[in-house]
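A structural walkthrough
As a plain string of letters, each chain reads:
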Amino acid sequence: METGSAELIAQLRAICGREFVLTDGGELATYQSDGLLHYRQRPLVAVLPSDAQEVAAVVRACFEAEVPWVARGSGTGLSGGALPLADGVLIVLARMRRILEVDLENQRVVVQPGVTNLAVSRAVGPSYFYPPDPSSQIVCSIGGNIAENSGGAHCFKYGFTTNYVLGLQVVLSDGTLVRLRRDDPGYDLLGAFVGSEGTLGVTTEITLRVIPAPEHVRTMLAFFPDTGAAGEAVSAIVDQGVVPGAIEMMDSLAIEAAEGATGAGYRLDAGAALLVEVDGPREECESVLTRLERTCEDAGAFEVRLAQTDAERDLIWRARKAAFASMGRIAPAYYVQDGVIPRTRLAAVLREIDALASDYGLRVANVFHAGDGNLHPLVCYDDAVEGEAARAEELAGKIVRACVDAGGSITGEHGVGVDKRDYMSAMFGEADLETFQRLRCAFDPHGLANPGKVMPTPRLCGEVPGPYREHPLERAGIAQRM
Amino acid sequence: MGTLSSVEPETFERAAQALAELTAAGRSARISGAGTKRWGSPGSDAAVPVRTGGLNRILAHDPGDMTATLQAGVPLAEAQERFAACDQQLALDPPTADPGGDSTRSATIGGIVATADCGPLAHRYGGPRDLVVGMTVALADGTIARSGGTVIKNVAGYDVAKLFCGSFGTLGLILSVNVRLHPRLPTTTAVGRTGDPGRLCTAARALAAMPAELEALDLAWEGGAGRLLARCAGPQAGARAQRIAAAMVDEGLHDVATDGEDEPLWERQRAGQRSAAGAVLRVAADPSTTVEVIAAAESADGSLVARAALGHFHLTVPPAQAAAVRSRLPEGAVSVLHDCPPAARQQIDDPWGVTPAGALGLMRALKARFDPSGTCNPGTFVGGI
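Residues numbered from 1 in each chain as written. Chains lettered and ligands numbered in written order. Predicted model: local features only at pLDDT ≥ 70, side-chain atom pairs only at ≥ 80, totals over all residues. Heavy atoms only, no water.

Some words on the environment of glycine 447 of chain A
One can find glycine 447 of chain A in the loop between α15 (430–443) and α16 (472–475). Taking the C-alpha atoms as reference points, glycine 447 of chain A and threonine 199 of chain A, 248 residues apart in sequence, are found 8.2 Å from one another. (Helix = DSSP H or I, 4+ residues; strand = E, 2+ residues; numbered from the N terminus.)

Let's talk about the packing of helix α8 (residues 227–239) of chain A against helix α10 (residues 282–298) of chain A
Residues and elements named next belong to chain A. Running from N to C, α8 and α10 cross one another at 145°; their axes reach a closest spacing of 9 Å. In this structure, α8 crosses over α10, and the sense of that crossing is right-handed. Contact residues: Ala233, Ala236 and Ile237 in α8; Leu292, Thr295 and Cys296 in α10. Counted by class, the contact of α8 with α10 contains 5 nonpolar, 1 polar and no charged residues. (Axes fitted to C-alpha atoms, helices over the stretch in contact; angles between N-to-C directions. Left-handed = near helix turned anticlockwise from the far one by under 90°. Contact = heavy atoms within 4.5 Å. Nonpolar A, V, L, I, M, F, W, Y, C, P; charged D, E, K, R; others polar.)

Brief notes about helix α1 (residues 12–24) of chain B
Residue and element names in this part refer to chain B. Under the 1.5 Å per step criterion, the end-to-end length of α1 is 18 Å for 13 residues, consistent within 8% with the ideal 18 Å. Of the positions making up α1, those classed as buried are Phe12, Ala15, Ala16, Ala18, Leu19 and Leu22. All buried residues of α1 fall inside an arc of 155° around its axis, so they share one side. Of the exposed residues in α1, the ones pointing more than 90 degrees away from its buried face are Glu13 and Ala24. Glycine 26 sits one or two residues past α1 and shows a positive phi near 75°. (Expected span 1.5 Å × (residues − 1). Buried < 20%, exposed > 50% of the residue type's maximum accessible area, 1.4 Å probe, protein only. Arc of directions from axis to C-beta.)

Let's talk about unusual backbone geometry
Between glycine 125 of chain A and proline 126 of chain A the backbone carries a cis peptide bond, its omega angle lying at 0°. Topologically, proline 126 of chain A is positioned in the loop between α4 (117–124) and β7 (128–129). Positive phi is not limited to glycine here, since glutamate 213 of chain B has a value of about 50°. Residue position: glutamate 213 of chain B is located in the loop between α7 (197–209) and β11 (216–222).

Overview of the sheet that holds strand β6 (residues 108–111) of chain A
Residue and element names in this part refer to chain A. Reading across the sheet, the 5 strands line up as β5-β6-β10-β8-β9 and stay open at both edges, with antiparallel pairing between neighbours. Among the strands making up the open sheet, the edge pair consists of β5 (99–103) and β9 (177–181). Each strand of the sheet is rotated relative to its neighbour by a mean of 10°, with strand direction disregarded. Sheet topology places β5 next to β6; 4 bridges connect them, and they run antiparallel. Along β6, the bridge assignment pairs valine 102 with valine 109. Across the sheet, α4 lies against β5, β6 and β10 (202–209), angled at about 40° from β5, the strand it touches most. (Pairing = 2+ DSSP bridges.)

Comments concerning the packing of α10 of chain A against helix α8 (residues 237–250) of chain B
The N-to-C vectors of α10 of chain A and α8 of chain B enclose an angle of 165°; their axes lie 9 Å apart at closest approach. As summarised for this structure, α10 of chain A and α8 of chain B are arranged roughly antiparallel, according to the angle between their axes. Two packed elements cross with a definite hand, and for α10 of chain A against α8 of chain B that hand is right-handed. Here Arg282, Glu283 and Glu284 of chain A of α10 of chain A come into contact with α8 of chain B, specifically with Ala237, Ala239, Arg240 and Arg243 of chain B. Class assignment of the residues belonging to the contact of α10 of chain A with α8 of chain B gives a composition of 2 nonpolar, no polar and 5 charged. (Parallel < 35°, antiparallel > 145°, perpendicular 65-115°, else oblique.)

None of the figures reported here should be taken as evidence of function without further support.
Okay, structure coming up:
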């Protein structure tokens, strides 16, 4: 180990305590990937600070040593956003999991970044809830949600993480602690920070808005001969001015996998299943439900079920939530895509995905948030077959390009991370990317916060105050000063 | 550019070129829409007016996707008419009239976004930052840059659009915005009254805690009289408003009523955010401190309208007393001066109030990266930016 690294590690031990600074290869293996397992990299060192002051001291030590760092929550991210750096520090926020304040009078909660998403709703329930609900909500951390601007099944109606963040305490890349509040005058720093994938700093305290839980929830499951008919039903529902709490679609392959895993009673002879949940005041829900049932039948649904009990509702959701995890039943491996399209282009893009899949001789299961056009095609492959993983990745790339060509986005909620970096140029021009870089450089002029993520090619910031010092990325040969 | 008195570009390219030329000539721009909001610090008299009136086209409205793209100079009212024809709305309802009574001026979407202005619908839908899904901007060096997209769900790239929302034109010129739309539904409003500020606040809290999915929850205080307004939207809005009205009676409000022709009630709330002769302070405070904010307004015989659950208040007070009212706001409250007669503006130390040092440092760094030559609206923003 280099002397510089040994000095930094000694400092980190002094800050966090010896047992919370990991350098052993076996211990570091735990942290080599996030939820996107095919990227692996052990960090130089992993630290587990216990509070904001320790995080600030760790970041300050990295700044002094010119060592880059990556922050990690629960490691459930699906774009490699928390992938460590070989020569960098991994800041693991798992020990910071206290709920600091529940203030229902002002409809807000203050938490540390390691608190799980579900724990927030549990802390304020049953009268209140925290709407963003990524599928990983049992384990994913609020800090990670902040970094990714996480969505979930209910965001068509309720919005995303960014709509619920009232305040943050963040550590900037020079180790200073700053408070950002939504209502403070000036630039919307909070808006810039949420969803910046850990590249502007690390958050150490989060104030979230919570809202009254809906009075009434009704869940409906409709089966259609194909995804085209189900897509028509979605359009017809939205055209009536109805904003369901959730509209989720699964195609036949996804139904096969999820039903096999859960036995939830989904029809295996259906080409598509549409899960529609309406929530809100009782009068509205009941009046809407009758209309939606007819709308689905008019669009070609051959069976429509209404959950009559909470148990029936849970069963309907269990299959949907198991859709990703159950893919193992039909394929040894799969690659999750996260494209977005304008909802009206659904049928055309699904046809294109079908055609691409048959070109590549691979199967693609489709699970998606139909209300906001966020597709999660699951490209199935067998990594024991030589070259198939690469073909699957190539197919996944073509799918994401098809989404952009349809007027959509390369990512709806998983983030760019390392996984989608190369697609950024499909969506944004050089002037757009250069403007992103201005924002990044204002927060982190030395490029130490999660470098190598989000942007398609590593870039450095010009006009760094102070005398020239060789940048860690230059030293590593990753980036050049332009 | 030596003789240039003002610019009103009709294309994005011309707008970007105008900024680049001003930058090259060492001059500055005073960017404005319809000019209905004379907020912020005065800035430089030498700045060349750059107006968005020529950028007045609705570039897209996709009813099926519930999105639209508007050039910055499109009056909000005009866009809403277009959306209403498809039973849709941009859920953003700040006052759009000129407080000075000039009927030829009507607030533009660019100006509303640049000032992060909003109205009662903010209760449910948030402000411009929550409704803008993509943006095209021109920077001082002539760069034209896009961020976000046209779809409602998208996390690709940095959220430059949010940074421009409420930036008062100091980072560059907003050329166009992509917005998400919502259904336009029948509405009914429940209204209740009381002369007791404590009772008004307790009632507001009770309604905010109900799972009523309100479009808006506003209160108002003027001349010792308070009112609370709760708006329901949807096919069953009437029945829901009856339930809200019953809750208002339970909370001890009087003259409780529901109204299905409720637009004038809300127009009055919006009007409370502007004043031709008074000073308007935009205050953000914890909703639990509402009684104290009302007391601060009353101390100067002022009035207020507020988003009750958000803790967003507009206080109208005599200009000479604005500074004193500010000092009486509850701890933790922040206030920004909006409307104010020019003569009285000098009595206010800083329209922006106090910005914490750490955040201000980041704001200065952003200004330096986006507009290093200080071309765009210099000296008009927080901390002299």
